[in-house]
Amino acid sequence: MARWLGNKLLLTGGTVVLAMLAVSLLTLAISPYDLYALDPLSRLKAPDVHHWFGTDNFGRDLLIRVAFAIRISLAVGLSVTLCAGALGMVIGLLSAGYRLVDLVAMRICDGLFAFPSLLLAIAIVGILGPDTANVVLALSLVYIPSVARVVRSAALSVKEKNYIEGLRAQGASDRRIIWLHIMPNVLPPFIVQMTFIFSVAILTEAALSFLGSGVPAPMPSLGNLLLEGKKVIFTSWWMTFFPGMSIIFLILALNLLGDGLRDLLDPNIKPLSRSVIRRLKAKR
């Protein structure tokens, strides 16, 4: 617990993410405004005591729309992380354990790596159609290869350890070695990779929505809120400022969370004890 609480990156990133999620849920619960109700008389009003984030070009309260968009972004990011993580873990472990699977799966991953992630996601969503579920499916397919590569690399390193050779000498099957002994030892780099996939998935979903291939209107997402604000960016700054700052804080917090988890889970990085810190200060 002391290591967790003493990790400033982990604590800062986790606090910001939880705070944004809590504010989003509370805003949706207590706001007197409707998410989709139009009010032409209040269109493009600047932030005031009634509309803290101002209103959009249809007179809708921007605060509640940004709050809902944050929830959509977190839901999409979490769904992509779980789907890509589960399939990437299986593919990576099987590739490390079986040569034939490695030959086929890694060549497919190489082919997917040949395309930029955003262009590949646009192509998949273009085939399936703009929908939240299709965005999750497209982003999951895009990020599976990167997860599989990380898991495979870590699993190949663990596979060469002496205790794995000892298990084989005792007659343990490949399936038992992979799922009971190799998989637990690849979890630290896998968990760190998941936090980065989470942040990149949120950013890519916002880019897809900004380009018109992501979450369909009128459902708000941070990307299509930026698209609406682009048209009035010189006269109504709040339309782009608040969705843009929400993206910045989300991505920054998730990256801090990933860096904190890396420092916490990496066995090569050991925290200094208080006595060591006191001795170093005394030398200075």
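All of these numbers come straight from a predicted model, not from anything done at the bench.

Enquirer: What is the right way to read the overall build of the protein chain from this model?
Expert: When helices and strands are tallied, the protein chain shows 12 helices and zero strands. Taken from N to C terminus, the helices and strands of the protein chain fall in the order α-α-α-α-α-α-α-α-α-α-α-α. Projected onto its principal axes, the C-alpha coordinates of the protein chain cover approximately 80 × 60 × 30 Å. Within the span of the protein chain, comprising 284 residues, buried residues form 43% of the whole. Considering only intrachain contacts with a sequence separation of at least 6, the fraction spanning at least 24 residues in the protein chain is 72%. Split by element, the accessible area of the protein chain, about 15,400 Å² in all, is 68% carbon and sulfur.

Enquirer: Would you explain the pattern of salt bridges in this entry?
Expert: Side chains that differ in charge, positive against negative, can pair when their charged atoms come close. Applying the stated criterion across every chain, the model contains eight salt bridges. Among the salt bridges present, the one from Arg152 reaches Asp102, with a minimum N-O distance of 2.6 Å. Of this pair, Arg152 sits in helix H6 (residues 132-159) while Asp102 is found in helix H4 (residues 99-113), placing the two residues 50 residues apart along the sequence. Under the relative-accessibility criterion, Arg152 is labelled partly exposed at 22%.

Enquirer: What should I look at first to understand the packing of helix H5 (residues 117-128) against H6 in this one?
Expert: The packing of two helices is summarised by the inter-axis angle and the distance between the axes. Orientation of H5 relative to H6, taken along the N-to-C sense of each, is 140 degrees, at an axis distance of 9 Å. Classified by the interaxial angle, the pair formed by H5 and H6 is oblique. Handedness of the crossing formed by H5 with H6: right-handed. The segment H5 lies against H6, with Ser117, Leu120, Ala121, Ile124, Val125 and Leu128 engaging Asn134, Val135, Leu137, Ala138, Leu139, Leu141, Val142 and Tyr143. Looking at the contact of H5 with H6 residue by residue, the class counts come to 12 nonpolar, two polar and no charged.

Enquirer: Would you mind going over the packing of helix H9 (residues 187-210) against helix H11 (residues 238-265) with me for this structure?
Expert: Between H9 and H11, whose axes approach to 8 Å, the crossing angle comes to 170 degrees. One element, H9, and the other, H11, form an angle in the roughly antiparallel class. Here Pro188, Ile191, Val192, Thr195, Phe196, Phe198, Ser199, Ile202, Leu203 and Ala206 of H9 lie close against H11, whose contacting residues are Ile247, Leu250, Ile251, Leu254, Asn255, Gly258, Asp259, Leu261, Arg262 and Leu265. Considering only residue class, the contact of H9 with H11 consists of 14 nonpolar, four polar and two charged.

Enquirer: I keep staring at a nonpolar patch on the surface and nothing clicks. Help me out?
Expert: The grouping of Met1, Trp4, Leu5 and Leu11 at the surface amounts to a nonpolar patch, some 480 Å² of accessible area in total. Given a relative accessible area of 53%, Leu5 falls into the exposed group.

Enquirer: Please explain the packing of aromatic side chains as it appears in this structure.
Expert: Aromatic ring pairs are defined here through the distance separating the ring centres and the angle between the ring planes. If you walk through the whole model with that rule in mind, you get five aromatic pairs. Summarising the aromatic geometry, the rings of Trp237 and Phe242 are spaced 6.0 Å apart at their centres and angled 40 degrees between planes, so their arrangement reads as tilted.

Enquirer: Help me understand the side chain of Gln193 in this model?
Expert: Residue placement: Gln193 occurs in helix H9. Here Gln193 is in contact with Ser146, Val147 and Val150, once residues within four sequence places are set aside.

Enquirer: What exactly am I supposed to notice about helix H8 (residues 174-182) here?
Expert: Because the α-helix completes a turn every 3.6 residues, residues three or four places apart line up on one side. Those residues of H8 lying buried are Ile177, Ile178 and Ile182. Buried residues of H8, seen end-on, are gathered within an arc of 95 degrees and therefore sit on one face of the element. On its buried side, H8 packs onto helix H3 (62-97), H6 and helix H7 (162-169).

Enquirer: When you look at the state of the cysteines in this model, what are you seeing that I'm missing?
Expert: Linking two cysteines covalently via their sulfur atoms produces the bond known as a disulfide. For the structure on display, the rule yields zero disulfides. Just so you know, Cys83 is unpaired, no disulfide at all, and the nearest cysteine sulfur is the one on Cys109, 16 Å from it. On the basis of relative accessible area, Cys109 is assigned to the buried category, the value being 5%.

Enquirer: What is the right way to look at the nonpolar core in this model?
Expert: In terms of nonpolar packing, the biggest core is built from 39 residues, with Val80, Leu93, Leu139, Tyr143, Ile182 and Val186 touching the most fellow members. Look past the residues within four positions of Leu93 in its chain and what remains in contact with it is Val151, Ala155, Ile178, Trp179, Ile182, Met183 and Val186. With 26 residues, the next largest nonpolar core counts Ala206, Val232, Trp238 and Ile247 among its residues.

Enquirer: Would you mind showing me how to read the environment of Leu137 here?
Expert: Here Leu137 lies in helix H6. Leu137 sits in the partly exposed class, given a relative accessible area of 40%. For the pair Leu137 and Ile124, spaced 13 residues apart in sequence, the C-alpha to C-alpha distance is 8.6 Å.

Enquirer: Even after reading the chapter, I still don't get the environment of Ile70, so can you show me in this structure?
Expert: The residue Ile70 is located in helix H3 in this model. Of the residues examined, Ile70 reaches a relative accessible area of 8% and is grouped as buried. Setting aside residues no more than four positions away along its own chain, Ile70 makes contact with Met20, Ser24, Leu222, Ser246 and Leu250.

Quick notes on the rules
- Residues numbered from 1 in each chain as written.
- Predicted model: local features only at pLDDT ≥ 70, side-chain atom pairs only at ≥ 80, totals over all residues.
- Heavy atoms only, no water.
- Helix = DSSP H or I, 4+ residues; strand = E, 2+ residues; numbered from the N terminus.
- Buried < 20%, exposed > 50% of the residue type's maximum accessible area, 1.4 Å probe, protein only.
- Contact = heavy atoms within 4.5 Å.
- Areas by Shrake-Rupley, 256 points an atom, 1.4 Å probe, with all protein chains shown as cover.
- Salt bridge = Lys/Arg side-chain N within 4 Å of Asp/Glu carboxyl O.
- Axes fitted to C-alpha atoms, helices over the stretch in contact; angles between N-to-C directions.
- Parallel < 35°, antiparallel > 145°, perpendicular 65-115°, else oblique.
- Left-handed = near helix turned anticlockwise from the far one by under 90°.
- Nonpolar A, V, L, I, M, F, W, Y, C, P; charged D, E, K, R; others polar.
- Patch = residues over 30% accessible without salt bridge, like charges linked within 9 Å, V, L, I, M, F, W, Y side chains within 5 Å.
- Phe/Tyr/Trp six-rings, centres within 6.5 Å; stacked < 30°, edge-to-face > 60°.
- Arc of directions from axis to C-beta.
- Disulfide = S-S within 2.5 Å.
- Core = buried A, V, L, I, M, F, W, Y, C linked by side-chain atoms within 4.5 Å.

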